[in-house]
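Structural description and commentary
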Amino acid sequence: MSEGPAGALLVRGGTVVTAAGARRAHIRCRDGRIVELGPDLASQGEPVLDADGALVFPGVIDPHLHFALVSAPHRTADDFDTGSAAALSGGVTTFIDFAHQHAGERLSAAVDARLDEAARSRADYSLHVIVTDVAGGQLAELAALTERGFTSAKVYTTYRPSGFYCDDDTIVSLMEAARTAGWIVMVHCENDALVEGSRARFARLGHVGFAYHGRARPALAELEAVQRMLLFARTTRCPVYLVHLSVAESARLVARARAEGVPAVGETCPHFLVADASVYDTERAVRFIHTPPLRSGEDRRALWEALEARHLQTVASDHCGYTLRQRTDYGDFTRVAPGIPGTETLLPLVYTYGVGAGRLGPADVARICAENPARAFGLFPRKGTIVEGGDADLVVYDPSARARIEDGRVRSAAGYSPFDGMEVHGRVAATVLRGEVAYDGADVRAPRGYGRRIPRKGVRADALP
Ligand SMILES: [Zn+2]
């Protein structure tokens, strides 16, 4: 991608921001790693990337997204190629997607099939294993998968028809085995009976337009499942990572459990931080068909407070690149697969509505978007920070730029952004992945297949973010 030796670059003039703070420093990269950090480094022949006036963040880690997702009746427009290009243009250098184990399947078979697809990625990646069935001795596979660098599972407490649902007995068995193996278990928390019962009532009344999507999916379903999963984590001592928390009370439950020593990490998403359920009363409802749905303005504000107070640890995109046509062709929330695009707008939105609004400092952004996900999923300190010896994954972010998110300008094959029309402070001027300029502020330069699968370490309950 650049002239000169692979992975060699000098990033000059920027303010280096990590979770520990900010300082002026130049960064020398060689063989894809950071080899020197200092106040005044001269080029030793490597290409120079000018970061004057910019913030230099660690490459963003998006630990929760779905490329090439098939969920009846749809397949996402984004595959690993287009999705990873979108990610790089937003400063995301590493993402963790999923390998879905179908009933009866071996976990390793699910992983291998998915790795074939992921090989097209332009950004670095790993996979979480979606576990649905352990009746065939699958838990005995965790040790071999750990050897290969896979150390996380995901379970869903809902979605029976699409084959994601995992029952409580399986979840507890998995958590017991995961704790021993050094794995962390991610959970989609929504009580299945509560969401399905409510949906069925709305459907019987014919209330299936997108305006009803939010009301049909009660907050109580999330709270019940969060509480149950925290109880399971408390009992098994297995580290858990609760995805896409949308309700203020969920954050309080996580904070209380963490204070009592329960090994739990809480994630929220940009859409819960910048939008609320009032959208469902407008024609923009079609842009926010995801689960859980948007909640109240009060919840939105409380989620920011939870990030500030470190009651929640990460923000992930939950990117799911369906097109608007895949919505409007049906016009019925019960017939479409939920999910919205967002990996390329993750950093700009957290920066704008976090730092720009005075809620967070730049170091908090580095912590929430890079270091904490790296720690939660066994990537730290190779990824998630800026340190000698670590991978040279960097985002050169120009905070003075002002831009507007527009449907016509997104890179995702979804072809739209839910956040169309929103102003953002700053722009990604360059994304560096293993010492190479993978995105130059205009074009994605990393070719298809440049991404590497990054082996991850085990996750210990006492080393969670
Ligand atoms: Zn998801």
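Placed above this text is the structure.
All values reported here derive from a predicted model rather than from experimental measurement. (Residues numbered from 1 in each chain as written. Predicted model: local features only at pLDDT ≥ 70, side-chain atom pairs only at ≥ 80, totals over all residues. Heavy atoms only, no water.)

What the chain contains, in helices and strands, is 12 helices and 22 strands. By the compact-globule yardstick of 23 Å for 465 residues, the chain fits well, its C-alpha radius of gyration being 21 Å. Its C-alpha atoms put the chain at 70 × 50 × 40 Å along the principal axes. Counting over 465 residues, the chain shows a buried share of 62%. For the chain, the exposed area adds up to about 16300 Å²; of that, 49% sits on carbon and sulfur atoms. For the chain, the separation between the mean place of its 53 positive charges and that of its 57 negative charges on side chains is 1 Å. (Helix = DSSP H or I, 4+ residues; strand = E, 2+ residues; numbered from the N terminus. Rg over C-alpha atoms; globule rule 2.2 N^0.38 Å. Buried < 20%, exposed > 50% of the residue type's maximum accessible area, 1.4 Å probe, protein only. Areas by Shrake-Rupley, 256 points an atom, 1.4 Å probe, with all protein chains shown as cover. Lys, Arg positive; Asp, Glu negative; His and termini not counted. Charge placed at Lys NZ, Arg CZ, Asp CG, Glu CD.)

Only His64 (NE2), His66 (NE2) and Asp318 (OD) from the protein coordinate the zinc ion, and they sit 2.0 to 2.1 Å from it. On the primary sequence, the residues serving as donors to the zinc ion are separated as H-x1-H-x251-D. Separated by 254 residues along the polypeptide, His64 in the loop between β8 (60–62) and β9 (65–66) and Asp318 in the loop between β18 (314–315) and β19 (319–320) bring together distant segments of the chain. We classify His64 as buried; its relative accessible area is 0%. (Donors = N, O, S within 2.8 Å, 3.2 Å for Na, K, Ca; no water.)

What follows is about the sheet that holds strand β6 (residues 48–50). Strand order in the open sheet made by the four strands is β5-β4-β1-β6, with mixed pairing throughout. The open sheet has two edge strands with one neighbour each: β5 (33–38) and β6. Averaged over all pairs of adjacent strands, the angle between strand axes in this sheet comes to 20°, irrespective of strand direction. The pairing of strand β1 (residues 9–12) with β6 spans three bridges and is classified as parallel. (Pairing = 2+ DSSP bridges. Axes fitted to C-alpha atoms, helices over the stretch in contact; angles between N-to-C directions.)

Here we take up the pairing of strand β21 (residues 423–433). The side chains of a regular strand alternate between the sheet's two faces. Of the pairings in the sheet, the one linking strand β20 (residues 394–404) to β21 comprises eight bridges and is antiparallel in character. Counterpart to Arg402 in the pairing with β21 is His425. Taken together, the three bridges between β21 and strand β22 (residues 436–439) define a ladder with antiparallel strand orientation. Across the sheet, Leu433 pairs through a bridge with Glu436, a residue of β22. Counted along the chain from β21 to the antiparallel partner β22, the turn is two residues long, and its residue Arg434 has a positive phi close to 45°.

Looking now at the nonpolar core. Most often, soluble globular proteins have nonpolar side chains that are buried together. Counting residues in each nonpolar core, the largest one holds 104 residues, and the members touching the most others are Phe57, Met175 and Leu242. Here this core gets seven residues from one element, more than from any other, and that element is helix α6 (residues 219–236). The contacts of Leu242, once residues within four sequence positions are left out, are Val187, Cys189, Val226, Met229, Leu230, Val254, Val265, Gly266 and Glu267. Core analysis: the next-biggest nonpolar cluster, separate from the first, contains 24 residues, Phe164, Met186, Tyr241 and Ala337 among them. (Core = buried A, V, L, I, M, F, W, Y, C linked by side-chain atoms within 4.5 Å. Contact = heavy atoms within 4.5 Å.)

Let us look at the packing of aromatic side chains. Following the criterion strictly, the structure yields 13 aromatic pairs and no others. Plain terms: the ring middles of Tyr156 and Tyr159 are 5.7 Å apart, the flat faces sit at 50° to each other, and that makes the pair tilted. Residue Tyr156 is classed as buried on the basis of its relative accessible area, which comes to 5%. Note on Tyr351 and Tyr397: the rings are 4.9 Å apart at their centroids and 55° apart in plane angle, and the pair reads as tilted. Here Tyr397 lies in strand β20 and Tyr351 lies in helix α11 (residues 346–355), a separation of 46 residues in the sequence. By way of ring pairs, the aromatic residues Phe67, Phe80, Phe95 and Tyr125 are connected into one cluster. One residue, Arg160, lies across the ring of Tyr165, its end atom 3.9 Å from the ring centre. One cation-aromatic arrangement involves Arg434 over Tyr450; the distance from NZ or CZ to the ring centre is 4.5 Å. (Phe/Tyr/Trp six-rings, centres within 6.5 Å; stacked < 30°, edge-to-face > 60°. Lys NZ or Arg CZ within 6 Å of the ring centre and 35° of its normal.)

Here we come to the environment of Ile368. Tracing the backbone shows Ile368 in helix α12 (residues 362–376). Judged by relative accessible area, Ile368 falls into the buried class, the value being 0%. For the pair Ile368 and Arg148, spaced 220 residues apart in sequence, the C-alpha separation works out to 27 Å.

Look at the link from Thr291 to Pro292: it is a cis peptide, with omega at -10°. Cis geometry is adopted by the peptide bond preceding Pro381, which originates at Phe380 and carries an omega value of 5°. Here Pro381 lies in the loop between α12 and β20. The phi dihedral of His244 is positive, around 30°, even though this residue is not glycine. Here His244 shows up in the loop between β16 (240–242) and α7 (248–259). Under the relative-accessibility criterion, His244 is labelled buried at 3%. One non-glycine residue, Asp318, lies in the positive phi region at around 55°.

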